[in-house]
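Listed below, chain by chain, are the residues.
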Amino acid sequence: MQTNFTPEQLQDPHLAESEKILRKCVHCGFCTATCPTFTLLGDELDSPRGRIYLIKDMLENDRPADTKVVKHIDRCLSCLACMTTCPSGVHYMHLVDHARMHIEKTYKRPFHDRLLRAILALILPFPSRFRWALIAASYMKPLGGLFSKLGGPFLRLAAMLSLAPSKAPKPSAFAGAEKVPATTVRRGRVAILQGCAQPVLKPSINDATVRLLTRMGYDIVFPKNEVCCGALVHHMGKEQASLENARRNVDAWIGEMDGDGLDAIIITASGCGTTIKDYGFMLREDPAYRAKADRVSAAAKDITEFLKDKELGPPERQPALTVAYHSACSMQHGQKITREPKDLLRAAGFTVQDVPEGHLCCGSAGTYNILQPEIAVKLRDRKLANIARTDPDLIATGNIGCITQLGVKAGVPVVHTVELLDWIYGGPAPEGLEA
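Please read all numbers here as calculations on a predicted model, not as lab measurements. (Residues numbered from 1 in each chain as written. Predicted model: local features only at pLDDT ≥ 70, side-chain atom pairs only at ≥ 80, totals over all residues. Heavy atoms only, no water.)

A. Molecular detail of the packing of helix α3 (residues 48-60) against helix α4 (residues 67-74). Taken N-terminus to C-terminus, the directions of α3 and α4 make an angle of 140 degrees; their axes are 10 Å apart at the nearest point. By the angle between their directions, the pair α3 and α4 is classed as oblique. Between α3 and α4 lies a crossing of left-handed hand. Between α3 and α4, the contacting residues are Arg51, Leu54, Ile55 and Met58 on the first element and Lys68, Val69, His72 and Ile73 on the second. Within the contact of α3 with α4, the residues separate by chemical class into five nonpolar, one polar and two charged. (Axes fitted to C-alpha atoms, helices over the stretch in contact; angles between N-to-C directions. Helix = DSSP H or I, 4+ residues; strand = E, 2+ residues; numbered from the N terminus. Parallel < 35°, antiparallel > 145°, perpendicular 65-115°, else oblique. Left-handed = near helix turned anticlockwise from the far one by under 90°. Contact = heavy atoms within 4.5 Å. Nonpolar A, V, L, I, M, F, W, Y, C, P; charged D, E, K, R; others polar.)

B. The packing of aromatic side chains, seen in detail. Taken as a whole, this structure holds three aromatic pairs when the rule is applied. Ring centres of Tyr218 and Phe306 lie 5.3 Å apart, and the angle between their planes is 70 degrees; this geometry places the pair in the edge-to-face category. Taken together, the residues Tyr218 in strand β3 (residues 218-221) and Phe306 in helix α18 (residues 303-307) connect sequence positions 88 residues apart. Look at Tyr218 and you get buried, because its relative accessible area is 5%. With a centroid separation of 6.4 Å and an interplanar angle of 45 degrees, the aromatic rings of Phe350 and Trp423 are classed as tilted. (Phe/Tyr/Trp six-rings, centres within 6.5 Å; stacked < 30°, edge-to-face > 60°. Buried < 20%, exposed > 50% of the residue type's maximum accessible area, 1.4 Å probe, protein only.)

C. Representation of the nonpolar core. Judged by nonpolar contacts, the single largest core of 98 residues is most densely connected at Leu213, Ile276, Tyr279, Leu307, Phe350 and Leu420. Apart from the residues within four sequence positions on either side, Leu420 is in contact with Val323, Leu345, Phe350, Leu394, Ala396, Val415, Pro430 and Leu433. (Core = buried A, V, L, I, M, F, W, Y, C linked by side-chain atoms within 4.5 Å.)

D. Layout of the side chain of Glu60. Topologically, Glu60 is positioned in helix α3. A polar contact is formed between the side chain of Glu60 and the backbone nitrogen of Asn4, at a distance of 2.5 Å. (Polar contact = N/O pair within 3.5 Å; in protein donor to acceptor, adjacent residues only side chain to side chain.)

E. Looking closely at the sheet that holds strand β6 (residues 322-325). The parallel open sheet is built from four strands, whose spatial order is β7-β6-β8-β9. The outermost strands of the open sheet, each flanked by one partner alone, are β7 (351-354) and β9 (414-416). Neighbour-to-neighbour, the strand axes of the sheet open up by a mean angle of 35 degrees, direction not taken into account. Across four bridges, β6 lies against β7 in parallel orientation. Note on β7: the bridge partner recorded for Thr322 is Thr351. (Pairing = 2+ DSSP bridges.)

F. Seen up close, empty space enclosed by the protein. Evaluation of the coordinates by the stated rule reveals four cavities of 30 Å³ or more. Size it by volume and the largest cavity reaches roughly 140 Å³. Contributing to the lining of the largest cavity are 15 residues, with His14, Met101, His234, Phe281 and Arg284 lying nearest its centre. Breaking the lining of the largest cavity down by element, the ones donating at least two residues are α1 (13-24), α6 (92-106), α14 (239-257) and α16 (279-282). Contributing to the lining of the second largest cavity are 15 residues, with Cys25, Cys31, Ile52, Cys86 and Val90 lying nearest its centre. (1 Å grid on protein atoms, 1.4 Å probe; cavity = no way out; pocket = protein on both sides within 12 Å on 5 of 7 lines; lining within 4 Å. Points joined across faces, edges and corners; volume = space filled by probe spheres on them.)

G. Looking closely at helix α20 (residues 340-347). Along α20, the residues that are buried comprise Glu340, Pro341, Lys342, Leu344 and Leu345. Taken together, the buried residues of α20 touch α18, β6, β7, β8 (394-397) and α24 (417-424). Backbone geometry just after α20 places Gly349 at a positive phi near 110 degrees.

H. Molecular detail of the packing of α3 against α6. As a packed pair, α3 and α6 sit with axes 11 Å apart at the nearest point and diverge in direction by 50 degrees. Judged on the interaxial angle alone, α6 and α3 are oblique. Two packed elements cross with a definite hand, and for α3 against α6 that hand is left-handed. Contacts from Pro48, Arg51, Ile52, Ile55, Met58 and Leu59 of α3 reach α6 at Tyr92, Leu95, Val96, His98, Ala99 and His102.

Next comes the structure, spelled out in structure tokens:
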């Protein structure tokens, strides 16, 4: 793609990077075939190629974002299926991230939109605040039907209530712990990202990870200065907030790496993993953090990525269960992790089924299912219909957002992959599989 940025514009490192990305696009349109919003809506501007044209025009002309641009960029899930499909290596993720930052700086959203986004940024990245919000939501759930009928901005409130559990789960069994020692012969030391939404919505995921890894001989550390990975605010275009979170986490993990050492930083939410593995890029212009961020990104491993070549021991159970494996977009497209979770589940004795149209997003996408509820529901229902075709006993996936999104109407248990592995290799049964 030919670009027309001025030399002065290219002094801006964000614009310079976006210009490199734009030049790689050859207009082939392969991306339209795998884009969930184009599949649903059929609008070229709701495809990656269409959005690229909008972004190019906006950035080249140094123009504030307008309603048209915002509408179509907001509809992007950042599922990154287009990056898997693209034969030219267009790094759409970094381009759309830049577009969102530009929108945040130059466009004034309607009041109700600004308010909701401010509330999400103020609550979701902070576990204690999020827990109180879930308690409040449990009392408000009966109002969900009324909000749906009112429509408009109230659809977002209805979406939040439908996604909230009836009651907040009990805190983690390891809440407050800074270290958990290995229970067998010591093989190494890892940090586990505690996260923000996941320990409130489903603390059993990290609990299962701790049990499994300590049985394997790993000491676990929870760095006390760790915070939200920054993904939630990053995808809302709030650059400074996301970079501040990244710096705080880099400091926390580098302290452990340079102290007693770490074999890996274990991530159990693939949405977080995609962001943390991008810290090196996000902090590339910060001389104080660039090299440290690269080290952190290199050390970050999804739990299945870490386990793929490890000896888990003999299975203690023989499950006669069929699992539909839902590959989260941030896992398959963001991190290119596709075979490892399925191989681990098959080795544990499960019959694993691939889901038709597995490349299409379930509609979760961070806060997308709140901010774009109508599209998110259509994608969820399409995903569940495809999953039902495999006639599974349960659904396995590697991202808390997908678990929450699919669990609303799945009809079968939706379980994190590591919970199943912990169960087969000696841990308790995940919720819903006790029988």
